[in-house]
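# Chain and residue survey
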Amino acid sequence: MVAIHQQTGALLAYTDRILWWTKVPGQEHPLVQQTSFEGDDGRQWHWQNEIFRDVDEGGKTYDWEAWVCVAEPTPTLWTPAYAARSEKQRRSTRARNSYQARMRGYGTLNAGADQVDPVDIYDRDQWVCKLCHRAMNPSAEWPDPWSATLDHIQPVAESGAHTAENLQAAHWICNIRKGDTWGPGEAQPS
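Below is a short write-up of the structure. Because the structure is a prediction, the values reported are computed rather than measured.

## A word on the overall build of the protein chain
In terms of helices and strands, the protein chain carries three helices and nine strands. Listed N to C, the secondary structure of the protein chain is β-β-β-β-β-β-β-α-α-β-β-α in terms of helices and strands. At a minimum sequence separation of 6, the contacts of the protein chain that also span at least 24 residues come to 49%. When the accessible surface of the protein chain is split by element, carbon and sulfur atoms take 52% of a total near 11,800 Å².

Given below as structure tokens:
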């Protein structure tokens, strides 16, 4: 593969998984391995492998690569669908890890926990706190006392599972007030 940067005339050649860049025409050492060079315009130019990522409705990931010459390095480009899936995975992993850390604090090592996205629980519960039954504001963020949190119906202190069935939406302040007691949604054992 060969690519030529139109503004500077710099050349990129890709052969057998080795990248070769040429400097600007007229400079010595025409074929060297380098990732950046100074153009005739005085700007620093960079050859980089640009990566595009997307995900289809079935969850299959697609990656495309293209070598480009840019004045400023650019990050990996993700489609909105890929970015949304990545954010959902980040939220569910963070919630699971937080639960497992609390379980370790109670002496349970390697506690199983489902990958549950908090936003899925909030949506399921229609953004209504299941403890006070008032609406939750999706734009409120911690440490706002009225921000959304996941409440374990059977408390974590009593080995409550981190599953969609044992989770409910709650304001942070309501969840703090509830503490390690049983909450609405499931009958407390007698």
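## A word on the packing of aromatic side chains
This model, assessed by the stated rule, comprises two aromatic pairs. With a centroid separation of 4.9 Å and 55° between ring planes, the pair formed by Tyr122 and Trp127 is classed as tilted. We note that Tyr122, like Trp127, is buried. Ring centres of Trp142 and Trp172 lie 6.1 Å apart, and the angle between their planes is 80°; on these two criteria the pair is classed as edge-to-face. One end of the pair, Trp142, is in the loop between α2 (118-124) and β8 (148-152); the other, Trp172, is in helix α3 (residues 172-178), with 30 residues separating them in the sequence.

## With respect to the environment of Ala148
By the element assignment, Ala148 lies in strand β8. Between the C-alpha atoms of Ala148 and Pro118, which are 30 residues apart in sequence, the distance is 8.9 Å.

## Some points on the side chain of His162
With respect to the helices and strands, His162 occurs in the loop between β8 and β9 (167-171). What makes His162 buried here is its relative accessible area of 2%. Separated by 3.0 Å, the side chains of His162 and His152 make a polar contact. Residues within four places of His162 in sequence aside, it is in contact with Ala95, Arg96, Tyr99, Ala113, Asp114, Val116, Leu150, His152 and Leu167.

## Thoughts on a nonpolar patch on the surface
A cluster of nonpolar side chains, Phe52, Tyr62, Trp64 and Leu77, forms an exposed patch at the surface whose accessible area comes to about 350 Å². You can see Phe52 is positioned in strand β5 (residues 44-55). Note on Phe52: relative accessible area 30%, which makes it partly exposed.

## Let's talk about the environment of Gln126
If you trace the backbone, Gln126 turns up in the loop between α2 and β8. Classification of Gln126 as exposed rests on a relative accessible area of 64%. The spatial distance from the C-alpha of Gln126 to the C-alpha of Met136 is 8.8 Å, given a sequence separation of ten residues.

## Digging into the nonpolar core
Within the largest apolar cluster, 13 residues are counted, with the highest numbers of intra-cluster contacts made by Tyr122, Met136 and Leu150. When residues of this core are traced back to their parent elements, those giving at least two are α2, β8 and β9. No other element matches the three residues that β9 contributes to this core.

## Some points on the pattern of salt bridges
All told, the structure shown has eight salt bridges when counted by the stated rule. Where Glu87 meets Arg90, a salt bridge forms, and the shortest distance between an N and an O atom there is 2.5 Å. Residue Glu87 and its partner Arg90 are both found in helix α1 (residues 80-105); the two are separated by three residues, about one turn of the helix. For Asp117, the salt bridge goes to Arg91, with nearest N and O atoms at 2.7 Å. Of this pair, Asp117 sits in the loop between α1 and α2 while Arg91 sits in helix α1; the two residues are 26 residues apart in sequence, bridging distant segments of the chain. Via salt bridges that share partners, Glu87, Lys88, Arg90, Arg91, Asp117 and Asp120 belong to a single interconnected network.

Basis of the calculations
Residues numbered from 1 in each chain as written. Predicted model: local features only at pLDDT ≥ 70, side-chain atom pairs only at ≥ 80, totals over all residues. Heavy atoms only, no water. Helix = DSSP H or I, 4+ residues; strand = E, 2+ residues; numbered from the N terminus. Contact = heavy atoms within 4.5 Å. Areas by Shrake-Rupley, 256 points an atom, 1.4 Å probe, with all protein chains shown as cover. Phe/Tyr/Trp six-rings, centres within 6.5 Å; stacked < 30°, edge-to-face > 60°. Buried < 20%, exposed > 50% of the residue type's maximum accessible area, 1.4 Å probe, protein only. Polar contact = N/O pair within 3.5 Å; in protein donor to acceptor, adjacent residues only side chain to side chain. Patch = residues over 30% accessible without salt bridge, like charges linked within 9 Å, V, L, I, M, F, W, Y side chains within 5 Å. Salt bridge = Lys/Arg side-chain N within 4 Å of Asp/Glu carboxyl O. Core = buried A, V, L, I, M, F, W, Y, C linked by side-chain atoms within 4.5 Å.

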